[in-house]
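The lines below spell out each chain.
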Amino acid sequence: MALQLAYFAWVRERMGCGEEQVEPPASVATASDLIAWLAARDDRGARAFAEPARIRVAIDGQMMGNDAALAGARDVALFPPVTGG
Amino acid sequence: MIRVVVQVGAIDFATETDRHDAGGHGATASFVGRVRGDDGVTQLFLEHHPQMTERGLADLAHAAADRWRLPALTLIHRVGAMAPGETIVLVLASSPHRAEALAACTFLIDRLKTDVMLWKRETLADGAARWVEPRTADQERAEGWD
């Protein structure tokens, strides 16, 4: 399953890039699984995703809960809670 | 008419108000959000998503138009770098009656703070930068509209 990931704000800074393509294993079924997989993958992931409760998700342009399934997803954005206005 | 804009350039209140409503709608409520100058902040940077930020604003505008009679609605959010005192966000809501215009304006700014992909980063006088944390009070106000 190839996924195009995009990072924003401090998630982007800690990952050291704004986007990347990844091939997570089949066991990564939900956004939460993806966050845990990225956190375990390397040091930058561990820094960016140390607190999964502070991570929000958009799948193919739609904001979703972190329990959302990734089946059929192409683009996943991972970011902190928004602070506009 | 609904007008939604995400822009890097400055927001000019007078120009936007004239464009929003030539005066025929009865009541126009406005909200102007400006960069705070407290806490020694010298610059505010607004990060956004190239597509989803504008779409999120448009979704909110349509949600407001479904809820109240709003013949004219303008929602403009600035992104990029700005200085204390500059306008970050402008909401203009017009209706035949003031109660609807005021309610829609409040709804839009409350929900904008929790529903739209925008992130604030503050730079201080010593050059240090910090990402702004979401406020519980903002979350509670936004949820009050559910």
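Anything mentioned here points back to the structure above.
The following paragraphs examine the structure supplied in this document.

## Brief notes about the overall build of chain B
Line of reasoning, step 1. The secondary structure content of chain B amounts to four helices and eight strands.
Line of reasoning, step 2. Taken from the N to the C terminus, the helices and strands of chain B come in the order β-α-β-β-α-β-β-β-α-β-β-α.
Line of reasoning, step 3. Taking 146 residues into account, the globule formula puts the C-alpha radius of gyration at 15 Å, and chain B, at 15 Å, falls close to it.
Line of reasoning, step 4. Over its C-alpha atoms, taken along the principal directions, chain B stretches across nearly 50 × 35 × 30 Å.
Line of reasoning, step 5. For chain B, the proportion of its 146 residues judged to be buried stands at 48%.
Line of reasoning, step 6. A separation threshold of at least 6 residues defines the contact pool for chain B, and within that pool the share at least 24 residues apart is 78%.

## Describing the side chain of T74 of chain B
Line of reasoning, step 1. Here T74 of chain B shows up in strand β4 (residues 72-78).
Line of reasoning, step 2. Side chain to side chain, T74 of chain B and H20 of chain B meet in a polar contact 2.7 Å long.

## With respect to the nonpolar core
Line of reasoning, step 1. L34, F49 and L78 of chain A are the most contacted members of the largest nonpolar core, which has 33 residues in total.
Line of reasoning, step 2. Going through the elements one at a time, β1 (3-7), α1 (9-15), α2 (31-41), β3 (56-59) and β5 (75-79) of chain A are the ones with two or more residues in this core.

## Some thoughts on the pairing of strand β7 (residues 118-124) of chain B
Residues and elements named next belong to chain B.
Line of reasoning, step 1. With seven of seven residues buried, β7 is to be regarded as a mostly interior element.
Line of reasoning, step 2. The alternating pattern of β7 places L118, K120, E122 and L124 and W119, R121 and T123 on opposite faces, both of which are buried.
Line of reasoning, step 3. Relative to β7, strand β3 (residues 41-48) is paired through seven bridges, and the arrangement is antiparallel. Considered in β7, the bridge of Q43 is made with T123.
Line of reasoning, step 4. Across three bridges, β7 lies against strand β8 (residues 129-131) in antiparallel orientation. For E122, the partnering residue across the bridge sits in β8 and is R130.
Line of reasoning, step 5. Hairpin connection of β7 to β8: four residues between the antiparallel strands, including G127 at a positive phi of 95°.

## Digging into the pairing of β4 of chain B
Residue and element names in this part refer to chain B.
Line of reasoning, step 1. In terms of residue burial, β4 counts as a mostly covered element, since seven of its seven residues are buried.
Line of reasoning, step 2. Neither face of β4 is open: one carries A72, T74, I76 and R78, the other L73, L75 and H77, and all of them are buried.
Line of reasoning, step 3. Examined bridge by bridge, strand β1 (residues 2-7) and β4 share six bridges and lie parallel to one another. Looking across to β4, one finds that V4 is bridged to L75.

## A short note on helix α2 (residues 52-67) of chain B
Line of reasoning, step 1. Compared with an ideal rise of 1.5 Å per residue, which puts 16 residues at 22 Å, α2 of chain B spans 22 Å between its outermost C-alpha atoms and is within 8% of the ideal.
Line of reasoning, step 2. Inspection of α2 of chain B places M52, T53, G56, L57, L60, A61 and A64 of chain B among the buried residues, and these make up the whole buried set.

## Regarding the packing of aromatic side chains
Line of reasoning, step 1. According to the stated counting rule, one finds six aromatic pairs over all chains in the structure shown.
Line of reasoning, step 2. Look at F8 of chain A and W119 of chain B: their rings are 5.1 Å apart centre to centre, the planes differ by 10°, and that puts the pair in the stacked class. Here F8 of chain A, found in the loop between β1 and α1, pairs with W119 of chain B, found in strand β7, and the two come from separate chains. We note that F8 of chain A, like W119 of chain B, is buried.
Line of reasoning, step 3. Ring pairs connect the aromatic residues F8 and F79 of chain A together with W119 of chain B, which therefore count as one cluster.

## Some words on the pattern of salt bridges
Line of reasoning, step 1. All told, the structure shown has 18 salt bridges over all chains when counted by the stated rule.
Line of reasoning, step 2. Of the charged contacts in the structure, one is a salt bridge between R41 of chain A and D42 of chain A, with a shortest N-O distance of 3.7 Å.
Line of reasoning, step 3. Residue R41 of chain A is classed as partly exposed on the basis of its relative accessible area, which comes to 31%.
Line of reasoning, step 4. Ionic pairing is found between R78 of chain B and E86 of chain B, a salt bridge with its closest N-O pair at 3.4 Å.
Line of reasoning, step 5. Through salt bridges that share partners, E20, R41, D42 and R44 of chain A make up one connected network.

## Some words on the sheet that holds β8 of chain B
One key point about sheets: their strands pair by backbone hydrogen bonds, in either a parallel or an antiparallel sense.
Residue and element names in this part refer to chain B.
Line of reasoning, step 1. Here four strands make up an open sheet; going across it, the order is β5-β3-β7-β8 and the pairing antiparallel. The open sheet has two free edges, formed respectively by β5 (80-82) and β8, since each of these has just one partner strand. The mean inter-strand angle of the sheet, taken between neighbouring strand axes irrespective of direction, is 25°.

Conventions adopted
- Residues numbered from 1 in each chain as written.
- Chains lettered and ligands numbered in written order.
- Predicted model: local features only at pLDDT ≥ 70, side-chain atom pairs only at ≥ 80, totals over all residues.
- Heavy atoms only, no water.
- Helix = DSSP H or I, 4+ residues; strand = E, 2+ residues; numbered from the N terminus.
- Rg over C-alpha atoms; globule rule 2.2 N^0.38 Å.
- Buried < 20%, exposed > 50% of the residue type's maximum accessible area, 1.4 Å probe, protein only.
- Contact = heavy atoms within 4.5 Å.
- Polar contact = N/O pair within 3.5 Å; in protein donor to acceptor, adjacent residues only side chain to side chain.
- Core = buried A, V, L, I, M, F, W, Y, C linked by side-chain atoms within 4.5 Å.
- Pairing = 2+ DSSP bridges.
- Expected span 1.5 Å × (residues − 1).
- Phe/Tyr/Trp six-rings, centres within 6.5 Å; stacked < 30°, edge-to-face > 60°.
- Salt bridge = Lys/Arg side-chain N within 4 Å of Asp/Glu carboxyl O.
- Axes fitted to C-alpha atoms, helices over the stretch in contact; angles between N-to-C directions.

Don't take any of this as a statement about function, it's just geometry.
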